[in-house]
Amino acid sequence: MSAKHDLQHSIIQLLKYNKDGSFKTQANRKERLLYMAEQLAEGGYKICHIKQLKFKHVKYLVNRWLQEQLSPGTIKNRMTDLRWSLSKFNKAGVIPASNAALNIPNRKYASNEDKSINMTEGDLSKIPDQNVKMSLILQREFGLRREESIKIRINHAVVGDELRLKGGWCKNGRARTIKIQYPEQWQAIEQVKAFVGNSQRALIPHNKKYVEQETIYRNQVARAGIGRGHGLRHAYAQKRYFDLTGWPCPAKGGLLKSELNAEQLKIDTMARTLITQELGHERLDVLTQTYLGK
């Protein structure tokens, strides 16, 4: 067996006997730790057990994530998982208590920075896995999260002129419906349907589990220069804002909220509320300020 396989097995065993937190927390922890094992193997580190993790391994991971331009929140969540793992072997001291000591920046909740990605067919041509390619197409046209775009069963989801996302595909189990209203959305649906045929499967090969396909997604999207794919949600939100209001959002150089008149503010609030619902979030302020600017 390979060192990577042994490391992943040790992680699975650790999680099996330490079920801290909710079911969702446990699932996320497992997904992130197994992915980190994959990255350590890619970096040439032959670690056979999670308790063998040293500071140099943690430093490698953090530097890699910073180079990949992952958000501070994502990096800090992964650090929490690593600290949790080592604490089970009384080795929490391997990782500095302060994230700042590892040059991890503070979280940023709102800015007028444009983080959208306008993915082209040229970008898609760099993706060898057809399942990942279909997921990206759905993300671009519907603003789906990564998990949703992988777990979606297109032949179940399309009902009339609606894309109905089941709770099991969505963050925190919150099902939602997105109205299909653009030709590009119908084209994306037909493209994905042609790919899966009459099957009821998700965009995951029959011989793989979700966590395996998610790892393939991360690796291929990063190598294709599409970041984490999350910028596609930003692009969707910004397009919807323009269509709903008639003017660009602040992240695209449009007027700030403080510069809008009373009538424009009503339209702005309506648009932000609807986009928040379409993206599957609850907090209007944080979500739309992050995606649209303020």
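Quick look at the structure, then. (Residues numbered from 1 in each chain as written. Predicted model: local features only at pLDDT ≥ 70, side-chain atom pairs only at ≥ 80, totals over all residues. Heavy atoms only, no water.)

**Section: the sheet that holds strand β1 (residues 158-159)**
Sheet strands associate in pairs through backbone hydrogen bonding, adopting either a parallel or an antiparallel arrangement.
For step 1, the next point in the chain: Pairing is antiparallel in the open sheet, where three strands are placed in the order β1-β2-β3. Each edge of the open sheet is held by one strand with a lone partner, namely β1 and β3 (176-179). (Pairing = 2+ DSSP bridges. Helix = DSSP H or I, 4+ residues; strand = E, 2+ residues; numbered from the N terminus.)

**Comments concerning the layout of surface pockets**
For step 1, the next point in the chain: Here the second largest pocket defines a volume of roughly 830 Å³.
For step 2, the next point in the chain: Taken together, the elements giving at least two residues each to the lining of the second largest pocket come down to α1 (3-16), α2 (23-42), α7 (146-151) and α10 (210-223).
For step 3, the next point in the chain: Examining the composition of the lining of the second largest pocket, we find that 10 residues originate from one element, α2, more than from any other.
For step 4, the next point in the chain: Residues of the lining of the second largest pocket, tallied by class, amount to 10 nonpolar, 10 polar and 11 charged. (1 Å grid on protein atoms, 1.4 Å probe; cavity = no way out; pocket = protein on both sides within 12 Å on 5 of 7 lines; lining within 4 Å. Points joined across faces, edges and corners; volume = space filled by probe spheres on them. Nonpolar A, V, L, I, M, F, W, Y, C, P; charged D, E, K, R; others polar.)

**So, the environment of Q52**
For step 1, the next point in the chain: Note on placement: Q52 falls in the loop between α2 and α3 (55-67).
For step 2, the next point in the chain: Looking at Q52, the relative accessible area reads 38%, which means it is partly exposed.
For step 3, the next point in the chain: When the C-alpha positions of Q52 and Y17 are compared, they lie 18 Å apart, and in sequence the two are 35 residues distant.
For step 4, the next point in the chain: Those residues in contact with Q52 that sit more than four places away from it in its chain are I47, H57 and K91.
For step 5, the next point in the chain: Within polar-contact distance, the side chain of Q52 engages the backbone nitrogen of C48 at 2.8 Å. (Buried < 20%, exposed > 50% of the residue type's maximum accessible area, 1.4 Å probe, protein only. Contact = heavy atoms within 4.5 Å. Polar contact = N/O pair within 3.5 Å; in protein donor to acceptor, adjacent residues only side chain to side chain.)

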